[in-house]
Amino acid sequence: MNAPIRAMDTSATISLPIEGMTCASCVGRVEKALKTVPGVETVSVNLATERASITTNTTVDRATLVATVENVGYSVPARLAAATGPIELSVEGMTCASCVGRVERALKAVPGVTQAVVNLATERATVKGSIDVATLITAIEEVGYEANVITAAAGGTESEDAERAEKKEAERRELTRDFIVAAVLTAPVFLMEMGAHLIPGVHGLIEASIGMQWSWYIQFALTTLVLFVPGIRFYDKGLPALWRLAPDMNSLVAVGSLAAYGYSLIATFAPGFLPPGTINVYYEAAAVIVTLILLGRLLEARAKGRTSEAIKRLAGLQAKTARVRRDGKTVDLPIGLVVAGDIVEVRPGERVPVDGELVEGESYVDESMITGEPVPVSKTVGSGLVGGTVNQNGAFAFRATAVGGNTVLAQIIRMVEEAQGSKLPIQAMVDKVTMWFVPAVFAVAALTFAAWLYFGPSPALTFALVNAVAVLIIACPCAMGLATPTSIMVGTGRGAELGVLFSKGEALQLLKDARVVALDKTGTLTEGKPTLTDLELAAGFDRTDVLGLVAAVEAKSEHPVARAIAAAAALEGVALPMVSDFESVTGFGVKAKAGGKRVEIGADRYMAELGYDVGGFRAVAERLGNEGKSPLYAAIDGTLAAIIAVADPIKETTPAAIKAMHDLGLKVAMITGDNARTAKAIAMRLGIDEIVAEVLPDGKVDAVRRLKGQYGKIAFVGDGINDAPALAEADVGLAIGTGTDIAIEAADVVLMSGSLRGVPNAIALSKATIGNIRQNLFWAFAYNTALVPVAAGALYPTFDILLSPVFAAGAMALSSVFVLGNALRLRRFKLAD
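Small disclaimer: the values here were computed from a predicted structure and weren't measured.

Digging into the packing of aromatic side chains
Here is step 1 of the chain: Applying the stated rule across the entire model yields 16 aromatic pairs.
Here is step 2 of the chain: Geometrically, the ring pair formed by Tyr261 and Tyr283 is edge-to-face, given 6.2 Å between the ring centres and 65 degrees between the ring planes. Of this pair, Tyr261 sits in helix H9 (residues 249-269) while Tyr283 sits in helix H10 (residues 283-307), and the two are 22 residues apart along the sequence. The two residues Tyr261 and Tyr283 agree in class, both being buried.
Here is step 3 of the chain: Relative to Phe463, the ring of Trp452 lies with its centre 5.5 Å away and its plane at 20 degrees, an arrangement referred to as stacked. Here the residue Trp452 occupies a position in helix H15 (residues 437-455), and Phe463 occupies one in helix H16 (residues 460-474), the gap between them amounting to 11 residues.
Here is step 4 of the chain: Here Phe463 falls in the buried class, since its relative accessible area comes to 19%.
Here is step 5 of the chain: By the ring-pair criterion, three or more aromatic residues cluster together here, those being Trp214, Tyr217, Phe220, Phe228, Tyr235, Tyr261, Phe269 and Tyr283.

Re empty space enclosed by the protein
Here is step 1 of the chain: This structure, assessed with the given rule, holds two cavities of 30 Å³ or more.
Here is step 2 of the chain: Approximately 50 Å³ is the volume found for the second largest cavity.
Here is step 3 of the chain: Taken together, Met249, Ile293, Gly296, Arg297, Glu300, Cys478, Met812, Ala813 and Ser816 make up the full set of residues lining the second largest cavity.
Here is step 4 of the chain: Elements that contribute at least two residues to the lining of the second largest cavity include exactly H10 and helix H31 (805-824).

Some words on the pairing of strand S21 (residues 589-594)
Here is step 1 of the chain: The sheet contact formed by strand S20 (residues 579-585) and S21 spans five bridges and is antiparallel. In the sheet register, Ser584 faces S21, and the bridge partner there is Val590.
Here is step 2 of the chain: Inspection of the sheet shows S21 paired to strand S22 (residues 597-602) by six bridges, in the antiparallel sense. The partner of Gly589 across the bridge, within S22, is Gly602.

Focus on the packing of helix H7 (residues 212-228) against H9
Helix-helix packing: each pair is described by the crossing angle between the helix axes and the interaxial distance.
Here is step 1 of the chain: Where H7 meets H9, the axes come as close as 11 Å, and the angle between the chain directions of the two elements is 150 degrees. Our classification of the angle between H7 and H9 gives roughly antiparallel. Crossing hand, H7 versus H9: left-handed. Residues Gln213, Trp216, Tyr217, Phe220, Thr223, Thr224, Leu227 and Phe228 of H7 lie in contact with H9, whose contacting residues are Ser257, Leu258, Tyr261, Leu265, Ala267, Thr268 and Phe269.

With respect to the sheet that holds strand S10 (residues 343-346)
Here is step 1 of the chain: If you trace the six strands from one edge of the open sheet to the other, you get S9-S8-S10-S16-S11-S14, paired in antiparallel fashion. The outermost strands of the open sheet, each flanked by one partner alone, are strand S9 (329-334) and strand S14 (384-385).
Here is step 2 of the chain: Inspection of the sheet shows strand S11 (residues 355-361) paired to S14 by two bridges, in the antiparallel sense. Paired with Glu357 across the bridge in S14 is Gly384.

Here's the deal with the UniProt feature "transmembrane region" (unreviewed entry) in the protein chain
Here is step 1 of the chain: Using the residue numbers shown here, the UniProt feature "transmembrane region" (unreviewed entry) corresponds to residues 179-202, 214-232, 252-274, 280-299, 433-455, 461-484, 777-796 and 802-824.
Here is step 2 of the chain: Annotation note: span residues 777-796, helix share 85%, strand share 0%, distance between end C-alpha atoms 28 Å.
Here is step 3 of the chain: For residues 802-824, the helix share is 87%, the strand share is 0%, and the end-to-end C-alpha distance is 34 Å.

Observations concerning the confidence of the model for the protein chain
Here is step 1 of the chain: This prediction gives the protein chain a mean pLDDT of 82; 87% of its residues lie at or above 70.
Here is step 2 of the chain: Confidence, expressed as mean pLDDT per element, reaches its minimum in the protein chain at helix H28 (residues 741-746) with 60 and its maximum at S10 with 94.
Here is step 3 of the chain: Within the model, the stretch residues 1-10 combines pLDDT values under 50 with 27 contacts to residues more than four positions away or in other chains.
Here is step 4 of the chain: Segment residues 79-84 is flagged for pLDDT under 50; beyond a separation of four residues in sequence, or across chains, it makes 11 contacts in the model.

Points about helix H2 (residues 62-71)
Here is step 1 of the chain: Within the sequence span of H2, burial applies to Arg62, Leu65, Val66, Thr68 and Val69. All buried residues of H2 fall inside an arc of 160 degrees around its axis, so they share one side.
Here is step 2 of the chain: Directly after H2, the chain includes Gly73, whose backbone phi takes a positive value near 95 degrees.

A look at unusual backbone geometry
Here is step 1 of the chain: Backbone torsion omega between Ser458 and Pro459 reads -5 degrees, so that peptide bond is classified as cis.
Here is step 2 of the chain: By the element assignment, Pro459 lies in the loop between H15 and H16.
Here is step 3 of the chain: The phi angle at Asp581 is positive, at roughly 55 degrees, despite the residue not being glycine.
Here is step 4 of the chain: Mapping Asp581 onto the fold places it in strand S20.
Here is step 5 of the chain: With a relative accessible area of 56%, Asp581 lands in the exposed category.
Here is step 6 of the chain: In this structure, Asp637 is a non-glycine residue whose phi angle is positive, near 50 degrees.
Here is step 7 of the chain: Structurally, the position occupied by Asp637 is in the loop between strand S23 (630-636) and strand S24 (639-647).
Here is step 8 of the chain: Take Asp637: its relative accessible area is 44%, and that puts it in the partly exposed class.

Thoughts on the pattern of salt bridges
Here is step 1 of the chain: Considering all chains together, one arrives at 22 salt bridges under this definition.
Here is step 2 of the chain: Between Arg233 and Glu174 there is a salt bridge, with its nearest N and O atoms 3.5 Å apart. Note that Arg233 is positioned in helix H8 (residues 232-243) and Glu174 in helix H5 (residues 158-198), a separation of 59 residues in sequence.
Here is step 3 of the chain: Using a relative accessible area of 18% as the deciding quantity, one classes Arg233 as buried.

What to know about the side chain of Asp520
Here is step 1 of the chain: Inspection of the secondary structure assignment puts Asp520 in strand S18 (residues 516-520).
Here is step 2 of the chain: Overall, the relative accessible area of 6% leaves Asp520 in the buried class.
Here is step 3 of the chain: Polar contacts involving the side chain of Asp520 include one to the side chain of Lys700, which spans 2.9 Å.
Here is step 4 of the chain: Setting aside its immediate chain neighbours within four residues, Asp520 contacts Leu525, Ile671, Lys700, Phe716, Val717, Gly718, Asp719 and Asp723.

Brief notes about the sheet that holds strand S12 (residues 363-366)
Here is step 1 of the chain: Pairing within the open sheet is antiparallel, and its three strands lie in the order S13-S12-S15. Of all the strands in the sheet, just strand S13 (377-379) and strand S15 (390-391) have a single pairing partner and so form its edges.
Here is step 2 of the chain: With two bridges connecting them, S12 and S15 associate as antiparallel partners. Considered in S15, the bridge of Asp366 is made with Val390.

Overview of the environment of Arg563
Here is step 1 of the chain: Along the chain, the position of Arg563 falls in helix H21 (residues 560-571).
Here is step 2 of the chain: Residue Arg563 is classed as partly exposed on the basis of its relative accessible area, which comes to 44%.
Here is step 3 of the chain: For Arg563 and Thr531, which are 32 residues apart along the polypeptide, the C-alpha to C-alpha distance reads 8.6 Å.

Here is what the cut-offs are and how they apply
- Residues numbered from 1 in each chain as written.
- Predicted model: local features only at pLDDT ≥ 70, side-chain atom pairs only at ≥ 80, totals over all residues.
- Heavy atoms only, no water.
- Phe/Tyr/Trp six-rings, centres within 6.5 Å; stacked < 30°, edge-to-face > 60°.
- Helix = DSSP H or I, 4+ residues; strand = E, 2+ residues; numbered from the N terminus.
- Buried < 20%, exposed > 50% of the residue type's maximum accessible area, 1.4 Å probe, protein only.
- 1 Å grid on protein atoms, 1.4 Å probe; cavity = no way out; pocket = protein on both sides within 12 Å on 5 of 7 lines; lining within 4 Å.
- Points joined across faces, edges and corners; volume = space filled by probe spheres on them.
- Pairing = 2+ DSSP bridges.
- Axes fitted to C-alpha atoms, helices over the stretch in contact; angles between N-to-C directions.
- Parallel < 35°, antiparallel > 145°, perpendicular 65-115°, else oblique.
- Left-handed = near helix turned anticlockwise from the far one by under 90°.
- Contact = heavy atoms within 4.5 Å.
- UniProt positions renumbered as here; feature names shortened; annotations may be inferred.
- pLDDT = per-residue confidence, 0-100.
- Arc of directions from axis to C-beta.
- Salt bridge = Lys/Arg side-chain N within 4 Å of Asp/Glu carboxyl O.
- Polar contact = N/O pair within 3.5 Å; in protein donor to acceptor, adjacent residues only side chain to side chain.

In structure tokens form, the structure reads like this:
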């Protein structure tokens, strides 16, 4: 769908894949059956594509359509019966945690919904299951909110993003206008009423000039304007919610302010209905409540805008145009018209428009927006390029390999949005509390009113009203609802800017609890590019001749060690002879004829099987093994000629990263398929606590399980296809971003820089974010736990202290602002050196 489905639009087009159709009569049978479903307007079934396109004029349950197809003898694949992927909806009108709970319950009640997650900070709902968008929108409408569908591509199309941004900006402008109007109208009311109490002589001045009754008339007029012009939003939303027996924060504000206003109205125009001694007005309370809460909403809206700045900044990295070679000419095209295979030119200082592979020229490219690493990266012919990165000083051309939603940048944005929209396990407690919070507040307010009316001093009715209103106003669940999602938004957004991507939101909470970090060796601890390090010759052999013969044979092999030897020969300019009779002996080595000579290459066990004595190289072999190198032997024409060592260099950042993990109190383990001696040598150099060597991919899974049982929560770090099962098995899987797509998809966290330093940094960010969430939740719950009893008058019998509704409104507005401000501190999180 290219445009949002508006809430009032009940029509929809549903696409169903159908299996089992073989001819035109099958098509007719399916079309006829589907047309009998109530609400179906048109049906078009295509035999070639095996899909049915169904247009409805009302809400139709997708499950009903699937059942209808199955009843006439065909099937809809279960994995495709629902809309592709989760459905994203923007939800308007939510103001507090109780709104979130209400929308979630409404969505979960829709037949076919398997999961529904609603986020107050992002104002989005993510729904999974076999359902129609129109049904979900209707369900949200029925509980008093508005919804629009968000296009799946990277969180929405550019026009949708612009529309949502404009809508948010319009909302902020409206709040600013309403607050200013309310403040201007409230100031005289506050001065006339509170000034008479606070400033000596004001009461006499009012009495002598306009009289107290006329003062009340003026206050009535101004307060009426405040409540029913800028403050009408609270009554439009809050009162209908109250009638539905589903009160929210707007309901609290509406009832509290109307109670103060209504009482004042009676005191002004029908004082005879009130008991003697209770005639007083509280216009200033009603007006100030609305004004302060509008101020809180305005500050909240501005802070919410800052929480999503990471996504905006990432999206802003996308170039708008690209210089593309078409039909022998170079033309500037909108980025949306670039297709895979296009040759794109980039000048110095420009952003790389899309992902690709460099084909002409060379330069240095700043990739910090992807990796978090500040040092520009050298790019030559064959180098990969990422869209959004910045070219430094050279001009080059590249072939586009990924465009649109398939670029790395689009995937990062999508990943961050999914993590920001997720709910952490810690949120479960909040959801349980907030489900009953607002009804409980009404109950407390009613009890407060009754208690003061029955037990309170004279004038009891006045005390009862003021304290009940204070309870209603101060007990706002906004802070509870914003405590977790705002911290997640800012934390994951900051992580994305620093090259740490949380692809699953739960990982943000689980990672901080890790007790052991298990690391794959090749490509994680090491560069993943083996190189020839040693070539020790037996007496009578020439280095160039031996290297040429060995490299010629190894060039026929796909093994990384073989490629390292062949690369070394090429680097030294050694000529390679012709090879014949090549044979690979699985698990042992290779043999062939090269330049007319018999060449055999392999480990010591292969040499022993061939009958060669490697004793002459024993001392060298032990030294190489202790250095973490893998020794091989080469025999030429029946004589042992050389011992060869290939090593995978340890990344420069690895030692510091492992030290940082130890500093965090973590155990570090290495899981590798390499031989035990080499693994032990590397472990000793790096200070790794535990080694699991010579394991196959399924052995890595077993090792992860064993370490989990021994130490507790485990994080596994890997980069290869064979690491995917272990990444999935670990409590948290971290993929090195330079690794394979399969490893990245299996991981919970992606480290874009390819540096192991990302592991302690991700753990530190996890701890900082969860700590921030706990601070927010403590404030939100402590605020209500402490101040609701104060508002109810708990301190009055002992300390003669009551909380004015005016101060209650101010405290309520500040609670949400505090939570948002605290979450925004995460924007300053910095990575360890």
